[in-house]
Protein chains: 4
Amino acid sequence: MMNDKIISGKNNIQITKSECGGQKGCGAMTCCCKGNEDGNVKHKQRDEQEKKALMTRLSRIEGQVRGIRAMVEDDRYCVDILTQVSAIQAALNGFNKELLARHIKTCVSEDIREGNEEAVDELCELLKKLMK
Amino acid sequence: MMNDKIISGKNNIQITKSECGGQKGCGAMTCCCKGNEDGNVKHKQRDEQEKKALMTRLSRIEGQVRGIRAMVEDDRYCVDILTQVSAIQAALNGFNKELLARHIKTCVSEDIREGNEEAVDELCELLKKLMK
Amino acid sequence: MMNDKIISGKNNIQITKSECGGQKGCGAMTCCCKGNEDGNVKHKQRDEQEKKALMTRLSRIEGQVRGIRAMVEDDRYCVDILTQVSAIQAALNGFNKELLARHIKTCVSEDIREGNEEAVDELCELLKKLMK
Amino acid sequence: MMNDKIISGKNNIQITKSECGGQKGCGAMTCCCKGNEDGNVKHKQRDEQEKKALMTRLSRIEGQVRGIRAMVEDDRYCVDILTQVSAIQAALNGFNKELLARHIKTCVSEDIREGNEEAVDELCELLKKLMK
């Protein structure tokens, strides 16, 4: 189902995509799985509807950023630009909330039920970043 | 209505103020001007260095959003995605702070010196949006 | 063990009350329990150390707010007051993060293990409020 | 009008209150003035109505913090406590916005009109702190 391939990501992230065959909790929809023996990237398979909803949000946000760039290019007034940036921030926040809720309802819940306490520590660390 | 004159601004900005007649972008450097006869869009001409710096930041942010989209496409783990989104939020915040500082140092300061109190009200309204 | 009944709580939250055995705070360390016989309030017994740490943080924050009030009373400069308020906001955020982490590690984890999915929905709703 | 007195503030701030006699922009309502020869504390005289409104907001916030402390003392449920803390954060944010707007409308505007550019730099620094 998933071919092993290495994709070099932006920001110096090495993205390793791999088959999760034997992985605990894997092979199923909305499961969490660890990376393969390369070991450095985790994946989570989302159902089509969720994935599509996330992609749609991101495409819209990307369009909004391009829109801001066009505004700067066009020498638009600072206040109008800043107002649009604040709309992007709200949109990213909406994306975060949706993905975070799915994460808690699937990955975290599943890990807790399986007695994997690390998921809880990881969530708390993540929330510290998100609640600046 | 507005005479062409040169004002040397803070932080090495050459502020050239000029008649905004011809529109759009009003032909002058870093002035603030109301919309043209179409009337619905305000412009501010920024010096090349500032404009380039803003464009560079925005291109980087656009790349980051595309990176998130690739992560979702690639079924990457929620926590890794959310961590990257939080980096974008920090980058947008940095963009906001830079543009806002320039706005206050040029547009708002100039308007206050000219007795245009609306600029102050507008700034306060903007800050309410930015300080959610 | 738990009888379901509905009590309308503060802030229009529907609280489902159930018997917690010994009450109040249900006798166990760091457990979550529904309200006592008064019926409209949920409790959670925290261990002494955690409770003391939370109280200490709050006393300090209360002192900081009083300090701000003294500054206003004393006609102190706006920027100095605002800087102190931003310190309080950081302190409240720290309090939130600590309490939230404990909540997830105890209440939410426990509820998930017991198959109580409402705890997860409640957490997601809470995070939406905290991640404005 | 103002007696010299020393108040030892929280967080190791030495608060020196003093007559602003010769100060530029002083002696008037809603002016900004530098500290006296002790030099380390700035004051701003606010009109009675503004001062009272700020004090009222702060008293209410102080009461809210005490309320949270009572909730922790009473072993109240985490989510209910966190919801109340989020209300305090909104109230502090409201206080900030009000004080900041007054600051810009009086101190900053006045300083700009008097050619004091430091006020602008100071405002930009402050906004960086407030727009975390």
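Further up the page is the structure itself.
Residues numbered from 1 in each chain as written. Chains lettered and ligands numbered in written order. Predicted model: local features only at pLDDT ≥ 70, side-chain atom pairs only at ≥ 80, totals over all residues. Heavy atoms only, no water.

Q: I'd like a rundown of the relation of the copies chain A and chain C, residues and numbers included.
A: What relates the pair of chain copies is a rotation about an axis plus a shift along that axis. With an axial shift of 0.0 Å and an RMSD of 0.2 Å, the rotation relating chain A to chain C amounts to 179 degrees. One copy is carried onto the other by what is essentially a two-fold rotation axis. Every residue of chain A has its C-alpha some distance from the rotation axis, and the shortest such distance is that of A:R113, at 2.6 Å. A share of 100% of the interface residues of chain A reappears at the interface of chain C, consistent with the copies meeting face to face through the same patch. (Least-squares fit on C-alpha atoms with pLDDT ≥ 70 in both. Contact = heavy atoms within 4.5 Å.)

Q: So what's going on with the interface of chain D and chain C? Which residues, and what values?
A: Bring the parts together and some accessible area is lost; that lost area is often taken as the interface size. Taken residue by residue, the interface counts 55 residues in chain D and 53 residues in chain C. For the chain D and chain C pair, buried surface summed over both sides reaches about 5,500 Å², with 62% attributable to carbon and sulfur atoms. Of all residues in chain D, the largest losses of buried area upon contact with chain C belong to D:D75, D:Y77 and D:L82, amounting jointly to 14% of the total for that side. The tally of links between chain D and chain C comes to six salt bridges. Between D:D75 and C:K51 there is a salt bridge, with its nearest N and O atoms 3.1 Å apart. Inspection of the region where chain D meets chain C yields 17 residue pairs in polar contact (both at pLDDT 80 or more). (Buried area = accessible area lost by both parts, 1.4 Å probe. Salt bridge = Lys/Arg side-chain N within 4 Å of Asp/Glu carboxyl O. Polar contact = N/O pair within 3.5 Å; in protein donor to acceptor, adjacent residues only side chain to side chain.)

Q: Pulling in residues and values, what's your account of the pattern of salt bridges?
A: Inspection of the entire model under this criterion finds 43 salt bridges over all chains. Notably, a salt bridge pairs D:R46 with D:E50, separated by 3.9 Å at the nearest N-O pair. By the burial criterion, D:R46 is buried, and D:E50 matches it. Several salt bridges share partner residues, and in doing so they unite A:E62, A:R66, A:R69, B:E62, B:R66 and B:R69 into one network. (Buried < 20%, exposed > 50% of the residue type's maximum accessible area, 1.4 Å probe, protein only.)

The analysis is restricted to geometry; functional conclusions fall outside its scope.
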